[in-house]
Amino acid sequence: MAASIQPSTPLRMSDRSRERLAGECASIIDEMEAAYSTYLSDIDCWWSWYEAEPQTKIKSFPWHGASNLVVPVIRTHADNVAARYFNRLFGTGRLWIGRSDNEEFSRTTVTPLTQLLHGLVGKAFDIESPTQHWLHELTVIGQSILELSWRTKTGYRLMEGERRNSPMEFRLSRGAFIEHIPRHQVLWDMAHPIHTAPVVIKECPLTATQTRAQCRKWGVADDIITSILKHPVARTTHSGVVRGGMERREGRDTPGIHYDFRELYLSWPLMQDSGLDASIRPEDVPPGRPETPWVVTLHRDTNTVVRVTPYPYLTDGWLFFESHLRVRPGRGSAVGLSKMLEHAQRGETTMMNQAIDAVTRSNSIWGASTDPTHANFEFAPNKVLIQTEQG
């Protein structure tokens, strides 16, 4: 009788099976990125509108250095809506509410449990931080993703005695972990809700140090790690452009170099339909055993499958949760305040700049002339007025 596979335990696969799986995963990613290319470009544009970025640093019309103000209409309304949502959730101090028809059970169990949960918020169980990021992105672009997982946090300590100079790994904490996933880092077929999608692709950019440490934790061979570290990527992907724009607006002058890892959450029916079930069956799984979804970790640029694990949670669907500000009927997409208020921001910006330029022009006129040669000079606020002989 085959031993059961523990959650998050890597599955052993032959080299041929890994190559086949890598090829199928790469095809899925290519297809999904092509479908999302316009949407990801829009996300970068929506954040630019929110930040009230001018189209050019120095405006050249109607003259060089003309008023280049952008009225932050979108940011004003988005920040206000996000703050109201956040206050609705956390401002009352009643984030966790429990009740029971049994008064004795409510007094001895439900009330202490809710008090314990309130005490854990922000400490062992942090829900406020991801909620802030989630609400902020939700109001600006109209859609945001939360992921629920179970995390074990470990650390290293130096011990006295026989292993005085040898650090030992300790489990510091474990429990439920809520994380906000930036929208541009998650791809799925939006004809389905994300928790029932046949495949979900999560982008996981890592630095060189993170890549080396994570691959060793996964048990990846040293030669594969060396090969991966030779293939960093810059902001060439659509999601990389969005991330690079955010770093630039934050004032982070970084080169944007990272290593592109993708986690693919593959449902078993999808693998059967693509013919993967017979050709890439893991060596751990005997034929006829009930199958579970897989989580495949792929290094995008070398097309290397670094890890394959069974999906660790016995839930009806993936533990991703999408929220919408104003959903489009019949679709999984939504509209945020950045798109809704773009015309209002553009209109107020135009009126404000025209008013400033008019005042600048009226305060800068220093003379008038009938000399027609002045008409050939470059237009500027302090240019003399051209008058005809009739005045």
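The structure presented is a predicted model; accordingly, all values stated were derived computationally and were not measured.

## Quick notes on the layout of surface pockets
- A volume near 550 Å³ is recorded for the second largest pocket.
- Looking at the second largest pocket, it is lined by 20 residues, and the ones nearest its centre are Q55, V70, R346, T349 and N353.
- At the level of secondary structure, the elements contributing two or more residues to the lining of the second largest pocket comprise helix 1 (15-50) and helix 11 (342-362).
- Looking at the lining of the second largest pocket element by element, the count peaks at eight residues for helix 11.

## Thoughts on the packing of helix 1 against helix 4 (residues 128-141)
- Between helix 1 and helix 4, the least distance of the axes is 10 Å, while the angle of their chain directions is 95°. Between helix 1 and helix 4, the angle falls in the class roughly perpendicular. Judged by residue contacts, I43, W46, W47 and Y50 of helix 1 engage H136, E137, V140 and I141 from helix 4.

## Thoughts on the pattern of salt bridges
- Per the stated rule, a full pass over the model turns up nine salt bridges.
- The salt bridge partner of R300 is D30, with a shortest N-O separation of 2.3 Å. Note that R300 is positioned in the loop between strand 6 (294-299) and strand 7 (304-310) and D30 in helix 1, a separation of 270 residues in sequence.
- Accessibility expressed as a relative area gives 16% for R300, which makes it buried.
- Salt-bridge contacts for D260 lead to R262; the nearest nitrogen and oxygen are separated by 2.8 Å. In terms of burial, D260 and R262 fall into one category: buried.

## Regarding the nonpolar core
- Counting 49 residues, the largest nonpolar core has W188, V200 and V296 as its most contacted members.
- Of all elements in the fold, only helix 1, helix 2 (73-90), helix 4, strand 3 (186-188), strand 4 (199-206), strand 5 (259-266), strand 6 and strand 7 reach the threshold of two or more residues within this core.
- Once residues lying within four places of it in the same chain are set aside, the contact partners of V296 are L21, C25, R262, E263, L264, L266, V305, R307 and V308.

Thresholds, definitions, all that
- Residues numbered from 1 in each chain as written.
- Predicted model: local features only at pLDDT ≥ 70, side-chain atom pairs only at ≥ 80, totals over all residues.
- Heavy atoms only, no water.
- 1 Å grid on protein atoms, 1.4 Å probe; cavity = no way out; pocket = protein on both sides within 12 Å on 5 of 7 lines; lining within 4 Å.
- Points joined across faces, edges and corners; volume = space filled by probe spheres on them.
- Helix = DSSP H or I, 4+ residues; strand = E, 2+ residues; numbered from the N terminus.
- Axes fitted to C-alpha atoms, helices over the stretch in contact; angles between N-to-C directions.
- Parallel < 35°, antiparallel > 145°, perpendicular 65-115°, else oblique.
- Contact = heavy atoms within 4.5 Å.
- Salt bridge = Lys/Arg side-chain N within 4 Å of Asp/Glu carboxyl O.
- Buried < 20%, exposed > 50% of the residue type's maximum accessible area, 1.4 Å probe, protein only.
- Core = buried A, V, L, I, M, F, W, Y, C linked by side-chain atoms within 4.5 Å.

The quantities given are spatial measurements derived from coordinates; they are silent on function.
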